[in-house]
Amino acid sequence: MLDAAVRWMNERGNTEQWGTVPYSQRPGGPDRVERYTTENEPHIAEYDGTPVGALVLDSGPSPQLPIAPAGEPERYVRLLVSDRRHAGLGIGAALLAHAAEETRRAGAALLRVDCWAGGGGALVAFYERNGFTRTDRFLDGSWPGQVLARRLG
């Protein structure tokens, strides 16, 4: 699914968000996916029995990114990806709603995510449509990022 997402972005001229190399061929890419499924909390969305989306939750941001800890219990979206062949079905939104429920279940009131802030901000706007508010901007090398937060009652 990650390789297909890179291909889909590249076909639309987006080579900055995830680059041009398939995720499975990147140095450390397969190891990162392994960590996501063993050290974090993975969730898979299915449609008619077929995986169409993935969400990975953690207790905080990646230590490799220049993002400060929240200073309170939180759940953090480390990965959100959907199969673009099923675009328009609300897979990403459904996974984010599930992340909010998992955050409440964990006894936390804060759900955060970081994303690519380039390309006119379309990805940031997606998270805002799903109840998140912009907090901090950051740079990871030349990659512009945005942290967003969602308070849960």
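Each value, and the rule that gives it
Residues numbered from 1 in each chain as written. Predicted model: local features only at pLDDT ≥ 70, side-chain atom pairs only at ≥ 80, totals over all residues. Heavy atoms only, no water. Helix = DSSP H or I, 4+ residues; strand = E, 2+ residues; numbered from the N terminus. Rg over C-alpha atoms; globule rule 2.2 N^0.38 Å. Buried < 20%, exposed > 50% of the residue type's maximum accessible area, 1.4 Å probe, protein only. Contact = heavy atoms within 4.5 Å. pLDDT = per-residue confidence, 0-100. Salt bridge = Lys/Arg side-chain N within 4 Å of Asp/Glu carboxyl O. Phe/Tyr/Trp six-rings, centres within 6.5 Å; stacked < 30°, edge-to-face > 60°. Lys NZ or Arg CZ within 6 Å of the ring centre and 35° of its normal. Pairing = 2+ DSSP bridges. Axes fitted to C-alpha atoms, helices over the stretch in contact; angles between N-to-C directions. Arc of directions from axis to C-beta.

Draft legend 1. Spotlight on the overall build of the protein. Along the backbone of the protein there are 4 helices and 6 strands. On C-alpha atoms alone, the protein measures out to a radius of gyration of 15 Å, which is about the 15 Å that the 2.2 N^0.38 rule sets for 153 residues. In terms of overall dimensions, the protein has C-alpha extents of about 40 × 40 × 30 Å along its principal axes. Here the protein holds 153 residues, and 42% of them are scored as buried. Of the contacts made within the protein by residues no fewer than 6 positions apart, 53% connect residues no fewer than 24 positions apart.

Draft legend 2. Representation of the confidence of the model for the protein. Looking at the protein as a whole, the pLDDT averages 95, with 100% of positions reaching at least 70. Averaged pLDDT values for the elements of the protein fall to 90 in helix H2 (residues 29-38) and rise to 98 in strand S4 (residues 110-116).

Draft legend 3. How the structure looks around the pattern of salt bridges. A complete count under the given rule lists 9 salt bridges for this structure. For Glu41, the salt bridge identified is with Arg75, shortest N-O distance 2.3 Å. Of the two residues, Glu41 is situated in strand S1 (residues 41-47) and Arg75 in strand S3 (residues 75-82); the sequence distance between them amounts to 34 residues. Here Arg151 makes a salt bridge to Glu72, at a shortest N to O gap of 2.7 Å. With Arg151 in strand S6 (residues 143-151) and Glu72 in the loop between strand S2 (50-58) and S3, this pair connects stretches of sequence that are 79 residues apart. Of the residues examined, Arg151 reaches a relative accessible area of 55% and is grouped as exposed.

Draft legend 4. Quick look at the packing of aromatic side chains. Counting across every chain of the model gives 4 aromatic pairs. Their ring planes at 70 degrees and their centres at 5.1 Å tell us that Phe126 and Tyr127 sit as a pair that is edge-to-face. Measuring from ring centre to ring centre gives 5.8 Å for Tyr127 and Phe132, while their planes differ by 85 degrees; the resulting arrangement is edge-to-face. If you follow Arg84 out to its NZ or CZ, it ends over the ring of Trp8, 4.5 Å from the centre.

Draft legend 5. Summary view of the sheet that holds S6. Taken together, 6 strands build an open sheet; the order of strands is S1-S2-S3-S4-S6-S5 and the sheet is mixed. If you trace the sheet from one side to the other, it starts and ends with S1 and strand S5 (133-140), each paired once. Across the sheet, the mean angle separating the axes of adjacent strands is 25 degrees when strand polarity is ignored. Relative to S2, S1 runs antiparallel, the two being bridged by 7 bridges. Following the sheet pairing, Glu46 is matched in S2 by Pro51.

Draft legend 6. Summary view of the environment of His98. Tracing the chain through its elements places His98 in helix H3 (residues 91-105). Given a relative accessible area of 29%, His98 falls into the partly exposed group. When the C-alpha positions of His98 and Leu55 are compared, they lie 9.1 Å apart, and in sequence the two are 43 residues distant. Look past the residues within four positions of His98 in its chain and what remains in contact with it is His43 and Leu55.

Draft legend 7. Highlighting helix H1 (residues 2-11). Turning to H1, its buried residues number three or more, namely Leu2, Ala5, Val6 and Met9. With its buried residues spanning 100 degrees around the axis, H1 presents them on a single face. In this structure, the buried side of H1 is in contact with H2 and S3. Where H1 ends, the next residue or the one after it, Gly13, has phi of about 90 degrees, a positive value.

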